[in-house]
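# Tertiary structure, described
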Amino acid sequence: CSLQPKDAAKMPESAWKLLFYTLSWSYGAYLLFFTDYPFFHDPPSVFYDWKKGMDVPTDIAIAYLLQCSFYGHSIYATAYMDTWRKDSVVMLLHHVVTLTLIAFSYAFSGGCAGGWRGLQGQGAALGLVPLPGSPLNPPRSLCPRFWFRLYWFPLKVLYATCYSSLQLVPNIPFYFFFNALLLILTLMNIYWFLYIVLFVGKVLMGQMQEVNDVREYDVEDSEKT
């Protein structure tokens, strides 16, 4: 197939993200639905019998390693390699917060809040990274982002970390630190969701003739600045 030069330049970035998100999400889904972990159906179980210095199971440790390596790379890639977009600063902050959350969650055996966050993020991301040459599909982006990040994320993750953790481990360390990071991520989720809602509104109102990724700066505007 023939791609425009701008689309061809974005192909490696989009293909790599699509591949990683698919594999990472699939592994997260395997841990939640095809093992004996009850985290999805019983989110507070991540804090059952919690204690400092507890061992992290190998399969969950692999998920932590994959997520940390990806977001560590993403910080560099967003700043120096990827196409600069209108929300790149927010994206960069998102990667830093996510990496901090996952790394500290592993270091302090903070349950599976960090790994849980990874599954929610990758699920929505599958609907957000179109291959170059194909337009961003608003319904395909809107539905998974709402379902994973604005419904399941608060229902499963925030409920367990903000409420259940104190009930099960009254003196749990770093309670405010971890929950502050999770709430920051929630605010970012709301920001991107509203961004897409406005995008869909413009399309429906006929204010946009082409369904393109509106986060990207126009080439001519970039040259002017």
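What counts and how
- The numbers attached to residues start from 1 for each chain and follow its sequence in the written order.
- In view of the model being predicted, local features appear only for residues whose pLDDT reaches at least 70, and side-chain atom pairs are presented and counted only at 80 or more, with totals across whole chains, interfaces and linings using the full set of residues.
- The basis for every side-chain value is the complete set of heavy atoms in the structure, and neither hydrogens nor water enter the calculation.
- UniProt positions are given in the numbering used here, feature names are shortened, and annotations may be inferred rather than shown by experiment.
- Under this scheme, a helix contributes an axis fitted over its contacting stretch, all axes are lines through C-alpha atoms, and angles between N-to-C directions fall in the 0 to 180 degree range.
- Numbering goes from the N terminus for both helices and strands, where a helix is a DSSP run of H or I of at least four residues and a strand is a run of E of at least two.
- Each angle gets one of four labels, with under 35 degrees taken as roughly parallel, over 145 as roughly antiparallel, 65 to 115 as roughly perpendicular, and the rest as oblique.
- The crossing is said to be left-handed when, going from far helix to near helix, the turn is anticlockwise and less than a right angle, and right-handed when the turn is clockwise.
- Whether two residues are in contact is decided by their heavy atoms: any pair within 4.5 Å suffices.
- Aromatic contacts are taken between Phe, Tyr and Trp rings whose centres are within 6.5 Å, Trp giving its six-membered ring; a plane angle under 30 degrees counts as stacked, one over 60 as edge-to-face, and the others as tilted.
- Criterion for a charge above a ring: Arg CZ or Lys NZ at most 6 Å from the ring centre, at most 35 degrees from the ring normal.

Under an unreviewed UniProt entry, the protein chain has the name CERS1 synthase and belongs to Lophotis ruficrista. In its Subcellular location (unreviewed entry) section, the UniProt entry covering the protein chain states "Membrane". Regarding the protein chain, the relevant UniProt record gives this comment under Catalytic activity (unreviewed entry): "sphinganine + octadecanoyl-CoA = N-(octadecanoyl)-sphinganine + CoA + H(+)".

It is worth spelling out the packing of helix H3 (residues 88-107) against helix H6 (residues 175-204) at this point. Closest axis-to-axis distance for the H3/H6 pair is 10 Å, and the angle between their directions is 150°. With respect to H6, the element H3 is oriented roughly antiparallel. The hand of the H3/H6 crossing is left-handed. Contacts from Val 90, Met 91, Leu 93, His 94, Val 97, Thr 98, Thr 100, Leu 101, Phe 104 and Ser 105 of H3 reach H6 at Phe 177, Phe 178, Leu 181, Leu 182, Ile 184, Leu 185, Met 188, Tyr 191 and Trp 192.

Further remarks concern the packing of aromatic side chains. Enumeration according to the criterion identifies 25 aromatic pairs in this entry. Pairing Trp 25 with Phe 148 gives two aromatic rings, centres 6.1 Å apart and planes at 75°, and the pair type is edge-to-face. One end of the pair, Trp 25, is in helix H1 (residues 5-33); the other, Phe 148, is in helix H5 (residues 138-168), and 123 residues separate them in sequence. Taken together, Trp 25, Phe 33, Phe 40, Trp 147, Phe 148, Tyr 151 and Trp 152 form an aromatic cluster joined through their ring pairs. Between the NZ or CZ atom of Lys 156 and the centre of the ring of Phe 40, over which it lies, the distance is 4.3 Å.

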